[in-house]
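# Summary of structural features
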Amino acid sequence: QFQKPEDAIKYRKAAFTVMASHFGRLGPMAQGRVPFDAKVVADNIAIAATMSALPFAGFGAGTDKGDTKAKPEVWSEADKFAAAAKKMQDAMAALNVAAKSGNADQFKAAFGETGKTCKGCHDDFRKE
Ligand code: ASC
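Here's a quick rundown of the structure. (Residues numbered from 1 in each chain as written. Predicted model: local features only at pLDDT ≥ 70, side-chain atom pairs only at ≥ 80, totals over all residues. Heavy atoms only, no water.)

## Structural notes on helix 5 (residues 78–101)
Using the following cut-off: Secondary structure is summarised from DSSP: a helix means a run of H or I of at least four residues, a strand means a run of E of at least two, and numbering begins at the N terminus for each. The length a helix should cover is 1.5 Å for every residue beyond the first. Here the term buried applies to any residue with accessible area under 20% of the maximum for its type, exposed to any over 50%, and partly exposed to those in between, with areas from a 1.4 Å probe on protein chains only. The contact rule is simple, with two residues in contact once any of their heavy atoms fall within 4.5 Å.
The end-to-end C-alpha distance of helix 5 is 35 Å, a good match for the 34 Å that 24 residues give at a rise of 1.5 Å each. All buried positions along helix 5 are accounted for by Phe-81, Ala-84, Ala-85, Met-88, Ala-91, Met-92, Leu-95, Asn-96, Ala-98 and Ala-99. Looking at the buried side of helix 5, the elements it contacts are helix 1 (5–24), helix 3 (38–51), helix 4 (73–76) and helix 6 (104–125). Where helix 5 ends, the next residue or the one after it, Gly-102, has phi of about 80°, a positive value.

Here it is as C-alpha cells:
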C-alpha cells in the first residue's frame, strides 16, 4: 500500500489534517458563537466522517520512527489504539447522522461527544 514508511506517515497526517479541518471549522458553530447553518454542518461533517476511516491504515509496522508525534503505545498497545480509533469513527458516524438531521441541538451534542474521542486518543497516543 505504501512504498516507504515515510509515505505512510505522510498519508496518515494528511488524512488527520483534512478531517480536523472540516471538523474543527464547525467548533464556533457548535459553541453557538456563529449562527447554525444546517448545510454547512452537513457538508463538512460528511467529509470529516469519510476521512475518519483513512488515517489508521498509515500506522503499519515500521511507521513508528520518523516525523511523527505518535507514541510507542500505538504499536505496543495496538488493541487499545484500535479501540480508540473505532470509538472516534463511531462517534463521527453518529455525528454525521445528527448533522444530516438539521437539528442544531443534536449536532452540538454529537459534536461535543466526537471531540472527546479525538482528545481521548491524543492524551493516550500522541506526544505533547
Ligand atoms: C478539533 C481537533 C481536535 C479535536 C480536539 C477536541 O477540532 O483538531 O483534535 O477537535 O481538539 O478536544
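Alright, that's what it looks like, and here's the rest.
## Quick word on the packing of helix 5 against helix 6
We apply this condition: Helix axes are fitted only over the stretch in contact, all axes being lines through C-alpha atoms; the angle between N-to-C directions runs from 0 to 180 degrees. By definition in this entry, angles of less than 35 degrees are roughly parallel, angles greater than 145 are roughly antiparallel, angles of 65 to 115 are roughly perpendicular, and the rest are oblique. Put simply, a crossing is left-handed when the front helix is turned counterclockwise from the back one by less than a right angle, and right-handed when it is turned clockwise. Gly is placed with the polar residues, together with every amino acid not listed as nonpolar (Ala, Val, Leu, Ile, Met, Phe, Trp, Tyr, Cys and Pro) or charged (Asp, Glu, Lys and Arg).
Close contact between helix 5 and helix 6 brings their axes to 8 Å; oriented N to C, the two are set at 165°. Judged by the angle between their axes, helix 5 and helix 6 are roughly antiparallel. Every pair of crossing elements has a handedness; the one defined by helix 5 and helix 6 is left-handed. Residue-level contacts link Lys-80, Phe-81, Ala-84, Lys-87, Met-88, Ala-91, Met-92, Leu-95, Ala-98 and Ser-101 of helix 5 to Gln-106, Phe-107, Ala-110, Phe-111, Thr-114, Thr-117, Cys-121, Asp-124 and Phe-125 of helix 6. Here the residues of the contact of helix 5 with helix 6 sort into 12 nonpolar, 4 polar and 3 charged.

## Here's the deal with the pattern of salt bridges
Filter applied, for reference: Basic side-chain nitrogens of Lys or Arg form a salt bridge, by our definition, when they fall within 4 Å of a carboxyl oxygen of Asp or Glu.
Throughout the structure, instances matching the rule amount to 10 salt bridges. Its salt-bridge partner being Asp-67, residue Lys-13 comes within 3.3 Å of it at the nearest N-O pair. Of the two residues, Lys-13 sits in helix 1 while Asp-67 sits in the loop between helix 3 and helix 4, which places them 54 residues apart along the sequence. What makes Lys-13 partly exposed here is its relative accessible area of 35%. Given a relative accessible area of 60%, Asp-67 falls into the exposed group. The network of salt bridges with shared partners includes Glu-77, Lys-80 and Asp-124.

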